Amino acid sequence: NIETLCTLNGMLLNASDSEVFFVATRLPYRLDTSTKELTQISEAYYRMTLINMANRVIICVESDTEKQGIYTQPIDNVAGKPVEEGGNIARLTVHPKSAVALCANDEYIFFVEEGTGDIYKMTYQGTEKTVLGTVDTIYKSNSMDIVGNLLFIYGDAESGQAYYVPADGSGQLTLIKE
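Residues numbered from 1 in each chain as written. Predicted model: local features only at pLDDT ≥ 70, side-chain atom pairs only at ≥ 80, totals over all residues. Heavy atoms only, no water.

**Quick word on the side chain of E113**
Operational definition: Numbering goes from the N terminus for both helices and strands, where a helix is a DSSP run of H or I of at least four residues and a strand is a run of E of at least two. The rule is simple: take the accessible area with a 1.4 Å probe, protein chains only, and divide by the maximum for that residue type; under 20% is buried, over 50% is exposed, in between is partly exposed. Counting rule applied: Lys, Arg positive; Asp, Glu negative; His and chain ends not counted. Counted as salt bridges are all cases of a side-chain nitrogen of Lys or Arg within 4 Å of a carboxyl oxygen of Asp or Glu. Residue contacts are counted whenever heavy atoms from the two residues lie within 4.5 Å of one another.
Along the chain, E113 falls in strand β10 (residues 108-113). No salt bridge forms around the buried E113; measuring N to O, its nearest opposite-charge neighbour K97 is 4.4 Å away. For E113, the residues in contact, after removing those within four places along its chain, are H95, K97, S98, A99, D118 and Y120.

Next comes the structure, spelled out in structure tokens:
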């Protein structure tokens, strides 16, 4: 017996028995699977969105060029409600420039800064910002991943290059595929 919970289509961010998080038309949503209540989390349009359930935040890159940057925002927020009303907490600007690649673990956010190619590591509060290396090109938003202590960065489709760097900053950026 298949039941439709929601008619919006979008990219799945996370699913559990009680909640489903996804992005549709660049807006983040939360769906309560028991009540089928659909809640828009933010009014901002995001070009890239990740979720970290351990910290209960979304990590996002703003689509609006005038508000460019990387933000964190609680996944329990409700779009359109003022901060503090109903528990809403203001989104936090963790980096003032945009990113072309983004990933995270429970402790840090990693990203490739647009324009510079600098690979950053920072906390969820935007502190302890460290440059781990620099790459020439990145072609899509899911072109980096963290596995254990290694951060993998994948170059554009034409170059086919792949790199890794220790996420703790203990080593150099290394080209693993030309």
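**Describing the environment of L12**
Examined against the element boundaries, L12 turns out to sit in strand β1 (residues 11-15). When the C-alpha positions of L12 and E128 are compared, they lie 30 Å apart, and in sequence the two are 116 residues distant. Residue contacts for L12: discarding those within four places in its chain leaves V20, F21 and F22.

**As for the state of the cysteines**
Condition: Disulfides are defined in this document as cysteine sulfur pairs within 2.5 Å.
In total, this model carries 0 disulfides according to the counting rule given. Among the cysteines around C60, which has no disulfide bond, C103 carries the closest sulfur, lying 15 Å off. Assessed through its relative accessible area of 0%, C60 is described here as buried.

**Some remarks on the sheet that holds strand β4 (residues 38-40)**
Inclusion rule: At least two bridges found by DSSP between two strands are what make those strands a pair. For helices, the fitted line uses only the C-alpha atoms of the stretch in contact; every axis is such a line through C-alpha atoms, and the angle between N-to-C directions lies from 0 to 180 degrees.
Taken together, 4 strands build an open sheet; the order of strands is β1-β2-β3-β4 and the sheet is antiparallel. On the outer flanks of this sheet lie β1 and β4, each paired with one strand and no other. With strand direction ignored, the average angle separating the axes of adjacent strands in the sheet is 25 degrees. Here strand β3 (residues 27-32) pairs with β4 via 3 bridges, running antiparallel. Counterpart to L31 in the pairing with β4 is L38.

**Overview of the nonpolar core**
Our working rule: We call a set of buried residues a nonpolar core when its members are Ala, Val, Leu, Ile, Met, Phe, Trp, Tyr or Cys and they connect through side-chain atoms within 4.5 Å of each other.
With 16 residues, the main nonpolar core has F110, V112, I119, M144, L151 and I153 as its most contacted residues. Looking at this core, the elements with two or more residues in it are β9 (99-104), β10, β13 (144-147), β14 (150-154) and β15 (162-166). The residues touching M144, leaving out its near neighbours within four places in the chain, are A101, L102, C103, F110, F111, V112, I119, L151, F152, I153 and Y154. By size, the runner-up hydrophobic cluster in this structure holds 13 residues, among which are M48, V61, Y120 and M122.

**Some words on the sheet that holds β10**
Strand pairing in a sheet relies on backbone hydrogen bonds. The paired strands run either parallel or antiparallel. The sheet built from 4 strands is open, its strands ordered β9-β10-β11-β12 with antiparallel pairing. Edge positions in the sheet fall to β9 and β12 (130-134), since each of these pairs with one other strand and no more. For this sheet, the mean angle separating the axes of adjacent strands, direction not counted, is 20 degrees. Relative to β12, strand β11 (residues 118-123) is paired through 4 bridges, and the arrangement is antiparallel. Directly across from K121, in β12, lies its bridge partner T130.

**Section: the layout of surface pockets**
What counts, and what does not: Grid spacing is 1 Å over the protein atoms alone, the probe is 1.4 Å, and a cavity is where that probe fits but cannot get out, while a pocket is an open set with protein on both sides within 12 Å along at least five of seven lines and lining residues have an atom within 4 Å of a point. Grid points are joined across faces, edges and corners, and a volume is the space filled by probe spheres set on the points. Following the grouping adopted for this structure description, the nonpolar residues are Ala, Val, Leu, Ile, Met, Phe, Trp, Tyr, Cys and Pro, the charged ones are Asp, Glu, Lys and Arg, and the polar ones are all others, Gly among them.
Roughly 180 Å³ of volume is contained in the second largest pocket. The wall of the second largest pocket is formed by 15 residues, among which E43, Q73, N77, G80 and K81 lie closest to the centre. Considering only residue class, the lining of the second largest pocket consists of 7 nonpolar, 5 polar and 3 charged.

In short, shape yes, function no, at least from these values alone.
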